[in-house]
Amino acid sequence: MIYLDSNATTQVHPEVIEAMLPYFTEHWHNPSSGYEAGKAIKSAVETAREQVAELIGAKTSEIVFTGCGTESNNMALKSLARLVGRKNSKILTSVIEHSAVLRPIEAMTAVGFEAERIGTDEDGRLCIDELSEKIDSSKPGFASVMWANNESGVIQPMAQVCEISKNAGWTVHTDAIQAVGKIPVRVDKIPVDFLSISGHKFHAPKGVGALFIREGVNFEPMIRGGGQESGRRSGTENVPYIVGFGKAASIMKSALDRDNHAGITGLRDDFEKQLSDSIDNIYFNGSREHRTGNVAHVSFEGCTADALLPLLDSAGLQCSAGSACMTGKSQPSHVQKAMGFSDERAFSSLRISLSMFTTKAEIDQAAGIIRDAVRTVR
Ligand code: PLP
């Protein structure tokens, strides 16, 4: 099988598994225990915190481990909502957010918060002028804009989002789950207040994530209890997963420092070229310039993803319809609608997402499999 669905999840890196194993077998104690074994485990958790902090240019004290990216988003958004209060405040987000941001904000509007969504242009980038128009400095509020989109891979103008929001006295959260590990994401350069990360998008296991909370920014914990994570997320730490997450972060940091994942981008570009050389009437979606190097988002005129996917699967290629979340639903993806695509174009798109394990041979084979499937469907 050729796996080209890395925005859905990634395989756990062998070095991550190796790093985790001793924390299931030998070092299984509670990191809060006062005896030596507990202290050693606590120190492994702190090493992982340093590794995650280093990946995004944060201080270790600004990293809180969570159970997943969805939890990180909910923690940040619910804290922000509690702190701004529902009376005379405002929330802005984008139309292309993941459901892990859209649903919590919908729940806020259901209890009386005012929230609006900002659109994107046809390249899938946030309409920054609309943000300037809708932001209201006379009200307390916050903006939540994703760093990179999970379907298109399009990178959002976070520096501008922060500038506009800060000028209005607002706080900024970003769901950076599809950006961290793939592109340089630096909180020491871009002044977001909250940033969500998920381990399984970059070769850590599923079920571990982090929330960056900038020093000095107010935060109300969502999960209270024994006071772990400096009281910001109680619950006995998932030590093996946190250790694996830290290891994955350090592997990603090395890859980004080395060549910014140039190998993955090169393979993606090669793959897109093979598709455009061999198949007529295809459209590459999303900004060419501002996108993560691992995603190709392509529409094939006259072929629905629903017709293509079973053929691809049986020929040995795993990838997604335009949106993993929308697979199986009969609505076009909200992300592609935001880019102004017709239903037909939206329904005929595939998201192909690579990882550091993708090989040239796989890309060549996948391009051939897609070409044959498109011919069959057409
Ligand atoms: N946000 C984005 C942009 C995502 O792509 C995902 C996962 O697909 C999530 C949030 C949810 O993360 P997790 O699966 O860790 O809960």
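1. Comments concerning the site of the ligand
Move 1: By nearness alone, 14 residues border the ligand, and T70, D175, Q178, S198 and K201 come closest of all.
Move 2: A distance of 2.8 Å separates an oxygen atom of the ligand from a polar atom in the backbone of G69.
Move 3: In this structure, an oxygen atom belonging to the ligand sits 2.6 Å away from a side-chain N or O atom of T70.
Move 4: In isolation the ligand has 390 Å² of accessible area, and contact with the protein removes 87% of it.

2. Quick notes on a nonpolar patch on the surface
Move 1: Residues I17, L21 and F24 make up a contiguous nonpolar surface patch of about 280 Å² in total accessible area.
Move 2: Checked against the element boundaries, I17 lands in helix α1 (residues 14–20).
Move 3: The class of I17 is partly exposed, set by a relative accessible area of 39%.

3. As for the environment of G226
Move 1: In this fold, G226 is placed in the loop between β8 (209–213) and α8 (239–259).
Move 2: Separated by 63 residues in the primary sequence, G226 and E289 place their C-alpha atoms 46 Å from one another.

4. As for the environment of F113
Move 1: Relative to the helices and strands, F113 resides in the loop between α5 (99–110) and β4 (115–118).
Move 2: Through-space distance from the C-alpha of F113 to that of A81 is 8.3 Å; in sequence the pair is 32 residues apart.

5. With respect to the side chain of H173
Move 1: By secondary structure assignment, the location of H173 is in strand β6 (residues 171–175).
Move 2: Classification of H173 by relative accessible area gives buried; the value is 0%.
Move 3: A polar contact is formed between the side chain of H173 and the side chain of N73, at a distance of 3.3 Å.
Move 4: Beyond its immediate stretch of four places on either side in the chain, H173 contacts N73, A76, L77, L80, V101, A143, S144, V145, F194, L195 and S196.

6. Let's talk about the domain arrangement of the protein
Move 1: What the domain assignment lists for the protein is domain 1 (2–10 + 260–377) and domain 2 (14–256).
Move 2: Listed by partner, the interface residues are 28 residues for domain 1 and 34 residues for domain 2.
Move 3: For the domain 1 and domain 2 pair, buried surface summed over both sides reaches about 2600 Å², with 54% attributable to carbon and sulfur atoms.
Move 4: The interface formed by domain 1 and domain 2 contains 0 salt bridges.
Move 5: At the junction of domain 1 with domain 2, the criterion picks out 20 residue pairs in polar contact (both at pLDDT 80 or more).
Move 6: Going through the elements one at a time, β10 (295–300) and α11 (334–338) are the ones with two or more residues in the side of domain 1 that touches domain 2.
Move 7: Counting residues per element, the side of domain 1 that touches domain 2 draws most heavily on α11, which supplies 4 residues.
Move 8: Class assignment for the residues of the side of domain 1 that touches domain 2 results in 9 nonpolar, 17 polar and 2 charged.

7. Let's talk about the nonpolar core
Move 1: In this structure, I56, W147, V192 and L195 are the most contacted members of the largest nonpolar core, which totals 56 residues.
Move 2: At the level of elements, α1, α3 (36–56), β2 (63–66), α6 (128–134), α7 (158–167), β7 (194–198), β8 and α8 are the ones that each hand at least two residues to this core.
Move 3: Looking at this core, the element that brings in the most residues is α8, giving 9 residues.
Move 4: Excluding anything up to four places from it in sequence, I56 contacts I63, V180, V185, R186, V187, D188, L195, I197 and F212.
Move 5: Among the nonpolar cores identified, the runner-up in size contains 29 residues, and I264, I352, I363 and V374 belong to it.

8. Overview of the layout of surface pockets
Rolled over the atoms, a probe as big as a water molecule pinpoints where empty space is left.
Move 1: Taken as a whole, the largest pocket spans an internal volume of roughly 260 Å³.
Move 2: Lining the largest pocket are 20 residues, with N7, H98, I177, Q178 and K201 positioned closest to its centre.
Move 3: With 3 residues, the top contributor of residues to the lining of the largest pocket is helix α4 (residues 69–84).
Move 4: The residue makeup of the lining of the largest pocket, split by class, is 8 nonpolar, 9 polar and 3 charged.
Move 5: Two domains each provide a minimum of three residues to the lining of the largest pocket, namely domain 1 (2–10 + 260–377) and domain 2 (14–256).

The rules behind these values
Residues numbered from 1 in each chain as written. Predicted model: local features only at pLDDT ≥ 70, side-chain atom pairs only at ≥ 80, totals over all residues. Heavy atoms only, no water. Near = heavy atom within 4 Å. Polar contact = N/O pair within 3.5 Å; in protein donor to acceptor, adjacent residues only side chain to side chain. Areas by Shrake-Rupley, 256 points an atom, 1.4 Å probe, with all protein chains shown as cover. Patch = residues over 30% accessible without salt bridge, like charges linked within 9 Å, V, L, I, M, F, W, Y side chains within 5 Å. Salt bridge = Lys/Arg side-chain N within 4 Å of Asp/Glu carboxyl O. Helix = DSSP H or I, 4+ residues; strand = E, 2+ residues; numbered from the N terminus. Buried < 20%, exposed > 50% of the residue type's maximum accessible area, 1.4 Å probe, protein only. Contact = heavy atoms within 4.5 Å. Domains from an automatic or database assignment. Buried area = accessible area lost by both parts, 1.4 Å probe. Nonpolar A, V, L, I, M, F, W, Y, C, P; charged D, E, K, R; others polar. Core = buried A, V, L, I, M, F, W, Y, C linked by side-chain atoms within 4.5 Å. 1 Å grid on protein atoms, 1.4 Å probe; cavity = no way out; pocket = protein on both sides within 12 Å on 5 of 7 lines; lining within 4 Å. Points joined across faces, edges and corners; volume = space filled by probe spheres on them.

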